[in-house]
Amino acid sequence: MFGLIAAAGWRLYGFQTERAIDPFYLNSLTEGEARFKAKSFGPAVVSLDIAAFGLTSRPADLGRVRLLLGLCHGYLGAREKIEPELKSAYALLGPDGIAKVDLPDWARKDLVKLLRSFNLGGSATAAEAKPPQAATVKQQAPVPAPPAAKAGTAPSPRDAGDKAAIEQAIRENPRQAAAYYRLASLHEEAGDRKSARRTYEDLLVKVPAEIRSCLEIGRLYYLDREYKNSEKWLERFLSLTAGVPTEARMTTAARAYLLLGAQAKGNGAKVRKLLQEKPALDRAAIETVALGSEDKTRLLRILGL
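The structure displayed is predicted, hence computed values, not measured ones.

Definitions and limits used
- Residues numbered from 1 in each chain as written.
- Predicted model: local features only at pLDDT ≥ 70, side-chain atom pairs only at ≥ 80, totals over all residues.
- Heavy atoms only, no water.
- Axes fitted to C-alpha atoms, helices over the stretch in contact; angles between N-to-C directions.
- Helix = DSSP H or I, 4+ residues; strand = E, 2+ residues; numbered from the N terminus.
- Parallel < 35°, antiparallel > 145°, perpendicular 65-115°, else oblique.
- Left-handed = near helix turned anticlockwise from the far one by under 90°.
- Contact = heavy atoms within 4.5 Å.
- Nonpolar A, V, L, I, M, F, W, Y, C, P; charged D, E, K, R; others polar.
- Salt bridge = Lys/Arg side-chain N within 4 Å of Asp/Glu carboxyl O.
- Phe/Tyr/Trp six-rings, centres within 6.5 Å; stacked < 30°, edge-to-face > 60°.
- Buried < 20%, exposed > 50% of the residue type's maximum accessible area, 1.4 Å probe, protein only.
- Lys NZ or Arg CZ within 6 Å of the ring centre and 35° of its normal.
- pLDDT = per-residue confidence, 0-100.

In this section: the packing of helix α12 (residues 227-241) against helix α13 (residues 248-264). Axis separation between α12 and α13 bottoms out at 10 Å; the angle between their running directions is 150°. Classed by the angle they form, the pair α12 and α13 counts as roughly antiparallel. When the axes of α12 and α13 are compared, the crossing they make is left-handed. In this structure, α12 contributes Y227, E231, L234, E235, F237, L238 and T241 to the contact, and α13 contributes M250, T251, A254, R255, Y257, L258, G261 and A264. Its residues assigned to classes, the contact of α12 with α13 comprises nine nonpolar, three polar and three charged.

The next subject is the pattern of salt bridges. For the structure on display, the rule yields 21 salt bridges. We note a salt bridge from E287 to K87, for which the minimum N-O separation is 3.0 Å. With E287 in the loop between α15 (283-286) and α16 (293-303) and K87 in helix α5 (residues 82-100), this residue pair connects regions lying 200 residues apart in the sequence. Through salt bridges with shared partners, a single network forms among E33, R58, D61 and R64.

This part takes up the packing of aromatic side chains. The geometry of two aromatic rings is summed up by the distance between their centres and the angle between their planes. One pass over the structure, following the stated rule, counts nine aromatic pairs. With 5.6 Å between their ring centres and 25° between their planes, F36 and W106 make a pair best called stacked. Of this pair, F36 sits in helix α2 (residues 23-37) while W106 sits in helix α6 (residues 105-117); the two residues are 70 residues apart in sequence, bridging distant segments of the chain. On the numbers, 5.2 Å between centres and 50° between planes, the contact of Y222 with Y257 is tilted. Linking Y222 in helix α11 (residues 212-223) with Y257 in helix α13, this pair joins segments that are 35 residues apart in sequence. Y257 carries the same exposure label as Y222, and that label is buried. Of the aromatic side chains, those joined through ring pairs into one cluster are F36, F41, Y75 and W106. Over the aromatic face of Y221 sits the side chain of R197, whose NZ or CZ is 4.2 Å from the ring centroid.

Turning to the confidence of the model for the protein chain, a few remarks are in order. On average, residues of the protein chain score 78 in pLDDT, and 79% of them are at 70 or above. Under a pLDDT of 50 for its full length, residues 1-19 has, in the predicted model, 39 contacts with residues more than four places off or in other chains. Within the model, the stretch residues 129-160 combines pLDDT values under 50 with 62 contacts to residues more than four positions away or in other chains.

See the structure below:
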């Protein structure tokens, strides 16, 4: 029974088992792009998150989603989320692909600054060289991108009405997974990790196959140094995704937090076991995980990198 539910969830929420793409996800990308260009960044994130679930087998489209999400998080003040999104976009699109993404001039200027701040110089140069947009559309005043900040910070969301709007959307459609992720993100940005965990748990009740929630719950328990609970949820995520096409950065994140938690508990046997698992974690993989600077340094030390 669970296998049938899980298979449906993996198809619906981005763990692709088929080449066919539901037009719903392409429409969500189009909607997200339109909301982004209208500077409605909170709703844009909701649409883009939905699109990301269904476009994992389309690298070019997923790259556009990741790039736009990185910019949205910047404008919303979720600074710790900018770097992993833009690096994911860079990995999917490369410099030339990033240059071809249709962006308003105000967004492209901010994108160039962010790419350079994360040492993605090739993409920054390519993006900067893109011809300006046609002058038929009246340009709005640019919204400055926030400066790069240390990973692990938790800035407050700028749009106070965003949370209420998403809560209403969940009440109207309690099986819309992306809305839960956005609401949990807002709770986390406000420093309320307990409410964020509860939101993910609510999602699992409504949509049992939405197993990414297990990863997020495990991560949040780790951040609260509740390592036993963190390990339970992270291992549950890895167990449920075993043998299923899943974004590499998600499994990397689960393994990274498991290693950090085991080392923090002084469980040397667990650390050694995790280090023997394949594929081995490398520096490039670790860069896709939004770790705080201390955790990142400690993880690299554990891995001997």
